[in-house]
Every structure is written in structure tokens, then in C-alpha cells.
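Structural characterization, general
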Amino acid sequence: MGTARLLSIHVHPVKAFRGLSPREAVVEPWGLAGDRRWALIDDGGKVVTQRQQPRLALAAAELLPGGGLRLSAPGLEPLTVRVPEPVETVSLEIFRDKVEGVLADRAAHAWCSAHLGADVRLVHMDDPATRRPVDPEYARPGETVAFADGYPLLVTAASSLDALNSLIAGGEHAAEGPLPMDRFRPNVVVAGTEPWAEDGWTRLTIGEVSFRVAKPCGRCVVTTTDQATADRGREPLFTLGRHRRLGGRLVFGQNLVPLSRGTIRVGDPVTVE
């Protein structure tokens, strides 16, 4: 295939909400600037995702200067949310990690609760440099992450999605395909590589910014959620279960940790090791 390049960039200001697709993004040690710095928690303090609430896919968050948000969703008036002052933090749980965050104002809680029809609160990670370390089994000292599932960035390959869609087309649930890349909610999508080549990557450089590959990304029920309608099906988990099992997990994409800071841009050359 041709030279690998950065096909697209995706930033999700609120975890589990619809993502943005900017032409460029600043890479910080804990992920893309503005990515998953906000999340919803339930009345028990656990982070809420599309695993529990597929309707989160229908909500959107625009990033405002200074890190605030402009929230929108069907049937609701848009709401502007400012970054809360970190005067007091609350304890929350995200995939067994105990983390501190700062609550947004009551209007934000009410808006998000109205969208879901469930009692939730919106919380902001004020200091991603200190709040949550990356899984120590795969981390180096000092590496941190915001409210992403476990790692600062997720990379996927366009050719691997094409290969997966070919497998789906020949399977029992062909009517569900082809699937778009937003099912996998990546941060960066690479074009110009061989299908599944990412299985062997250990290091990735996009433009002038380098990343180490931490581990393959195990996939969950979120991938079966249509990001435009919030409806769920059987794919891609059915086909991944037949063709992409690794260590007991169904995998698609690779988790990345930045090794340097900088700005990445759509069209940047990508080199892999």
C-alpha cells in the first residue's frame, strides 16, 4: 500500500457523547487536548457510558475556549457549561479506578439527566496530570489519562475496518454492515497500511509526535451501538468473536501513550515500528 497518513482525528469532550472531527489537535501527555475531560456519574459515583446508556450517542458537546462546553441533544435547548472551579472535588469510580473530579453546576446535571431520563451528574477532570494513572501493568512511571477507558489515545486503521466489513458481509448478520468507524470511537485513524498491520506495531509517529503502543484494544457492547440512532445490533462483536480473539478479548485498534507533545494534523505522514 501507499505511504501511511493520518486520515482523521476525533475528540470526545464528554465521555460517551458524540465526537468532534477537527482537522488538527494538540497532543498532551494524557491524550488529545479536550478529549474526555468531562464524564457523567450516577448517584453512586460510577462513570456512566454507552454500555449502560446508549442514548449518550445522541448527545453532542462542542468545546468552547477555556475548556467549557456547549451541550446539545434532540428535544433539549442547548446549554453552555463553564469549567467549574476546583474548590471541592468528589470521588468517582471509572473501571475500578478511584478518581477525584469537580462537579459542574446544577443546570448541567439537570440537562444531562433530562436527556437520559436518569439521575446523573456532570463532572470535570481538573488536573489530568495527577488524577488518574494509566494501568500500571502497561504503564511507565508518571503516565496518566483523563476519562478515556484506560489509555490516552486509541488508534484504528481504515484498512482493518474494510477487512472487518468484508467479513461481516459474508456472515450471518450481513444486513448490519458495512459499519462506520465511529462504532469504535477512535482518536486517530490511519490510512495506507495493510489490514491488521497494527497488531505488530510498537511505536507510532504522526507528523512529529511519537506514541508508544501500550496494548490492543478489547471491544465491548458499545461497538454494537449505532452512533446516529442509539440502536443496538449484533455486529461487530459477532464477527470479532470469530476472527479477532486475543487473550480472551475481542480486539480492534491499539491503545497509545504519547511520548512527546505537539500538534497532529489530518494528512500528516505516519511511520510505524
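Note: the structure precedes this text.
Everything in this summary refers to the structure shown in the same document. (Residues numbered from 1 in each chain as written. Predicted model: local features only at pLDDT ≥ 70, side-chain atom pairs only at ≥ 80, totals over all residues. Heavy atoms only, no water.)

**A closer look at the environment of Ala 175**
When you line up the elements, Ala 175 lands in the loop between α2 (158–169) and β13 (188–191). For Ala 175, a relative accessible area of 81% gives the class exposed. Put simply, Ala 175 and Leu 237 are 62 residues apart on the chain and 14 Å apart in space, counted from C-alpha to C-alpha. (Helix = DSSP H or I, 4+ residues; strand = E, 2+ residues; numbered from the N terminus. Buried < 20%, exposed > 50% of the residue type's maximum accessible area, 1.4 Å probe, protein only.)

**Section: α2**
In this model α2 runs 17 Å from its N-terminal to its C-terminal C-alpha over 12 residues, within 8% of the 16 Å that 1.5 Å per residue would give. Buried within α2 are the following residues: Ala 158, Ser 159, Ser 160, Leu 161, Ala 163, Leu 164, Asn 165 and Ile 168. Tucked into the core, α2 has its buried residues touching β1 (5–9), β12 (153–157), β13, α3 (237–243) and β17 (249–258). (Expected span 1.5 Å × (residues − 1). Contact = heavy atoms within 4.5 Å.)

**With respect to the layout of surface pockets**
There is about 910 Å³ of room inside the largest pocket. If you go around the largest pocket, you meet 35 residues; those closest to its centre are Arg 51, Asp 149, Gly 150, Cys 217 and Gly 218. Secondary-structure elements contributing two or more residues to the lining of the largest pocket are β12, β15 (209–218) and β17. In terms of residues, the lining of the largest pocket owes the most to one element, β15, which gives four residues. (1 Å grid on protein atoms, 1.4 Å probe; cavity = no way out; pocket = protein on both sides within 12 Å on 5 of 7 lines; lining within 4 Å. Points joined across faces, edges and corners; volume = space filled by probe spheres on them.)

**What about the packing of aromatic side chains?**
Under the defined criterion, the tally for this structure stands at three aromatic pairs. Taking 5.9 Å as the distance between ring centres and 90° as the angle between the ring planes, the aromatic pair formed by Trp 196 and Phe 252 counts as edge-to-face. With Trp 196 in the loop between β13 and β14 (203–206) and Phe 252 in strand β17, this pair connects stretches of sequence that are 56 residues apart. As far as the burial class goes, Trp 196 and Phe 252 line up, both buried. Connected via pairs of aromatic rings, a cluster forms that spans Phe 184, Trp 196 and Phe 252. (Phe/Tyr/Trp six-rings, centres within 6.5 Å; stacked < 30°, edge-to-face > 60°.)

**Some words on the sheet that holds strand β11 (residues 121–124)**
Here we have five strands laid out as an open sheet, ordered β5-β4-β11-β10-β9, and antiparallel in their pairing. The open sheet is flanked by β5 (47–48) and β9 (90–94), the only strands paired with a single partner. Relative to β11, strand β10 (residues 97–103) runs antiparallel, the two sharing two bridges. Pairing of Val 102 across the sheet is with His 124, part of β11. (Pairing = 2+ DSSP bridges.)

**Re the side chain of Arg 219**
For Arg 219, the location among the structural elements is in the loop between β15 and α3. No salt bridge is formed by the buried Arg 219; its nearest oppositely charged neighbour, Asp 149, is found at 6.9 Å. Engagement of the side chain of Arg 219 in a polar contact is seen with the backbone oxygen of Phe 184, the distance being 2.7 Å. Setting aside chain neighbours within four positions, we find Arg 219 in contact with Leu 154, Phe 184, Leu 237, Leu 240, Arg 249, Leu 250, Val 251 and Phe 252. (Lys, Arg positive; Asp, Glu negative; His and termini not counted. Salt bridge = Lys/Arg side-chain N within 4 Å of Asp/Glu carboxyl O. Polar contact = N/O pair within 3.5 Å; in protein donor to acceptor, adjacent residues only side chain to side chain.)

**Notes on helix α1 (residues 106–116)**
If you check which residues of α1 are buried, you get Ala 108, His 109, Trp 111, Cys 112, Ser 113, His 115 and Leu 116. In this fold, the buried residues of α1 make contact with β4 (38–41), β7 (69–73), β8 (76–81), β10 and β11.

**Brief notes about the sheet that holds strand β18 (residues 262–265)**
With antiparallel pairing, the three strands of this open sheet are ordered in space as β3-β2-β18. Edge positions in the sheet fall to β3 (31–32) and β18, since each has one partner strand and no second. Here strand β2 (residues 24–28) pairs with β3 via two bridges, running antiparallel. When the sheet's bridge partners are listed, Glu 28 is paired in β3 with Gly 31.

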